[in-house]
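# Architecture at a glance
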Amino acid sequence: MEHMDSVKIQPIEAKEVRAALEQAATQTEMNLPVYDGHCQNHSSVNGVYPVCENTQWTCGFWPGEIWLSYELTGEEKFKTAALKLTDSFAERIEKKIEVDHHDMGFLYSPSCVAAYKLTGSETGKKAAILAADQLISRFQKKGSFIQAWGAMDDPSCYRYIIDCLLNLPLLYWAGEVTGKAEYADIAHQHITTCLKNSFRPDGSTYHTFYMNPDGTPSHGATCQGYRDDSFWARGQAWGVYGSILSYRYTKNPEYLDTFRKALAFYQTRLPQDLVPYWDMIFTQGSDEPRDSSSAAIVACGLLEAVRYLEGEEQKSCMELARRMVGSLVRSYTPASLSKGAGQILHGTYSKKSPYNTCTPEGVDEYTSWGDYFYMEALTRLDRDWELYW
Ligand code: GLY
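About the criteria used
Per-chain numbering applies: the sequence of each chain, read as written, is numbered from 1 onward. Totals for whole chains, interfaces and linings use all residues, but because this is a predicted model, local features are given only for residues with pLDDT of at least 70 and pairs of side-chain atoms are given and counted only at 80 or more. Hydrogens are left out, water is left out, and the side-chain values use all remaining heavy atoms of the structure. Comment: elements are numbered from the N terminus, with helices defined as DSSP H or I runs of at least four residues and strands as E runs of at least two. Each residue is assigned to one of three classes by its accessible area relative to the maximum for its type, calculated with a 1.4 Å probe on protein chains only: buried under 20%, partly exposed between the two thresholds, exposed over 50%. If even one non-hydrogen atom of a residue comes within 4 Å of a molecule or strand, that residue is called near it. Side-chain atoms alone can form a polar contact between residues adjacent in sequence; in general such a contact is a pair of N or O atoms within 3.5 Å, and within protein one must be able to donate a hydrogen while the other accepts it. Residue burial considers only the protein chains on display, and all accessible areas are found by Shrake-Rupley using a 1.4 Å probe. Polar here means any residue other than Ala, Val, Leu, Ile, Met, Phe, Trp, Tyr, Cys and Pro, which are nonpolar, and Asp, Glu, Lys and Arg, which are charged; Gly is therefore polar. A fitted line through C-alpha atoms represents every axis, and for helices the fit uses only the stretch in contact; the resulting angles, taken between N-to-C directions, go from 0 to 180 degrees. The labels follow the angle: roughly parallel below 35 degrees, roughly antiparallel above 145, roughly perpendicular from 65 to 115, and oblique for the rest. The hand of a helix crossing depends on one turn: near helix anticlockwise from the far one by less than a right angle means left-handed, and clockwise means right-handed. Pairs of residues are marked as contacts when any of their non-hydrogen atoms sit within 4.5 Å. Salt bridges, as used here, are contacts in which a Lys or Arg side-chain nitrogen is within 4 Å of a carboxyl oxygen on Asp or Glu. Two strands qualify as a pair provided DSSP detects at least 2 bridges between them. By definition here, a helix of n residues has an expected span of 1.5 Å times n minus one. Each aromatic pair joins two rings of Phe, Tyr and Trp (for Trp, the six-membered one) with centres within 6.5 Å, and gets the label stacked for planes under 30 degrees apart, edge-to-face for over 60, and tilted for any other angle. Charge over a ring is defined by NZ of Lys or CZ of Arg lying within 6 Å of the ring centre and within 35 degrees of the ring normal.

The phi angle at Glu98 is positive, at roughly 50°, despite the residue not being glycine. Mapped onto the elements of the fold, Glu98 is located in the loop between α3 (76–94) and α4 (104–119). Of note, the phi angle at Asp364 is positive, near 55°, even though the residue is not glycine. With respect to the element layout, Asp364 can be found in strand β9 (residues 361–365). Residue classification places Asp364 among the partly exposed residues on the basis of a relative accessible area of 40%.

Printed below as a string of structure tokens:
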């Protein structure tokens, strides 16, 4: 294993953070007329995001970027654009357009929960509660997990994935605004199953985990990672950020412990510039593509964790976050802004390997969530930010 101390990435300073955030908001502004009322594709194609309808699991990230730009600038054009998308998300959940999967948090937290928190939008609130209802409709009582994809009565689809940890905050939020305990109870049952099965003893994670129809655990596998037993970089990042988000809402010390273990493993596999290869089976010196989105997600997790940690641990998480974001700002942003471009280069959505089952797309491109979490990390460094999650 390589070590990262030969090249020391310097932590980002406050002025650099602000400049990067302003640049990101300018890129977002430039893209407003390109996507007007529509969404960005999950990833760019040759560096430009195609326009797409509001049908993908990733569509919440573009409005999330617009809301973050609104928070930074206070400019009405961002608010108007984001509220137009809120209507689109309301229509999507009301008409149940492509919502037969678990990604309701990815979709509705940075779009509609954000709209409600920032403007009091009742449309956003209602849509996000409907999305939480949709999410709990995927709960499998036998096995106690939220099923990721596919028909609920098809035993071959009887699995959940590590990514779902980012969908749970929608349930905590829905519980808080409705007063109904069922949402948080299902979140609790799901994360309990996930912690039992998806985190290996060394703190690494399986991307997906199959359950038997009788509710007993079957086996870990991958879809987008290199191999079933490897370390898909974004899955590991969902594990880091997802566990601390659940800690935020529950203060269950087991979740904080999981955050620590997942983070410790992540750090052992980072190359010198702190931005992982798409699967962390690849380390310093590999020719494989990176996944910059993984670093942005982990930086957000670190910056959430510093709210609860103390002393040296808090200091080292803050320092690592500042170094990771520094690396992204200095080495992963495009040289100039252009219409349809994103915020951080070198993301990887799904890379085909001889052992995985994914459709290859978005390799070494911008990714919609990478851009969003990059802006979220910068925002968290810029001020005490109230979460959309
Ligand atoms: N949630 C799917 C992914 O991270 O690609």
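From this point, things continue past the structure.
Attention now moves to the site of the ligand. Lining the immediate surroundings of the ligand are Trp57, Asp163, Gln224, Trp232, Arg234, Trp238 and Tyr349. Contact between the ligand and Asp163: a nitrogen atom at 2.6 Å from a side-chain N or O atom of the residue. In this structure, Arg234 approaches the ligand through a side-chain N or O atom, which is 2.5 Å from an oxygen atom. For the ligand, whose accessible area on its own is 200 Å², the fraction buried by protein is 96%. Of the residues belonging to the shell around the ligand, the class tally is four nonpolar, one polar and two charged.

Where helix α8 (residues 233–250) meets helix α10 (residues 292–305), the closest approach of the two axes is 8 Å, and the angle between their N-to-C directions is 20°. Taken together, the axis directions place α8 and α10 in an arrangement best described as roughly parallel. For the pair α8 and α10, the crossing hand works out as left-handed. Along its contact with α8, which presents Ala233, Arg234, Ala237, Trp238, Val240, Tyr241, Ile244, Leu245 and Arg248, the element α10 presents Ser293, Ser294, Ile297, Val298, Cys300, Gly301, Glu304 and Ala305. A breakdown of the residues in the contact of α8 with α10 according to their chemical character gives 11 nonpolar, three polar and three charged.

For the rest of this paragraph, the subject is the pattern of salt bridges. The tally for this structure, following the rule as stated, stands at 24 salt bridges. Note that Arg18 is salt-bridged to Asp382, the shortest N-O span being 2.9 Å. With Arg18 in helix α1 (residues 14–35) and Asp382 in helix α12 (residues 368–382), this pair connects stretches of sequence that are 364 residues apart. With a closest N to O distance of 3.3 Å, Glu288 and Lys351 form a salt bridge. Remark: Lys351 occurs in the loop between β8 (347–350) and β9 and Glu288 occurs in the loop between α9 (253–268) and α10; sequence separation between them is 63 residues. Residue Glu288 is classed as partly exposed on the basis of its relative accessible area, which comes to 23%.

With antiparallel pairing, three strands are arranged side by side in an open sheet as β5-β6-β7. Of all the strands in the sheet, the pair left with one neighbour each is β5 (159–161) and β7 (217–221). Strand-to-strand twist across the sheet, computed as the mean angle between neighbouring axes with direction ignored, equals 20°. Note that strand β6 (residues 208–211) and β7 share four bridges and pair antiparallel. Each residue of the ladder has a partner; that of Thr208, found in β7, is Ala221. Helix-sheet contacts for helix α7 (residues 182–197) involve β5, β6 and β7, and the interaxial angle to β5 is about 85°.

Between the first and last C-alpha of α9 there are 23 Å, a value that for 16 residues agrees with the 22 Å anticipated at 1.5 Å per step. Every buried residue belonging to α9 is among Tyr255, Leu256, Thr258, Phe259, Ala262, Leu263, Phe265 and Tyr266, and all of these are buried. Looking at the buried positions of α9, the neighbouring elements they touch are α7, α8, α10 and α11 (311–331). Where α9 starts, the residue carrying a side-chain oxygen 2.9 Å from the main-chain nitrogen of Glu254 turns out to be Asn252.

On to the packing of aromatic side chains. Think of a pair of aromatic rings as described by two things: how far the centres are apart, and how the planes are tilted against each other in angle. Within the structure shown, the criterion is met by 32 aromatic pairs. An angle of 70° between the planes, with centres 5.4 Å apart, marks the rings of Tyr247 and Tyr308 as edge-to-face. Remark: Tyr308 occurs in the loop between α10 and α11 and Tyr247 occurs in helix α8; sequence separation between them is 61 residues. Accessibility expressed as a relative area gives 21% for Tyr308, which makes it partly exposed. Linked through ring pairs, Trp57, Phe61, Phe106, Trp238, Tyr241, Tyr349, Trp369, Tyr372, Phe373 and Trp389 together constitute an aromatic cluster. Seen from the ring of Tyr249, Arg248 lies directly overhead, with NZ or CZ sitting 5.7 Å from the centre.

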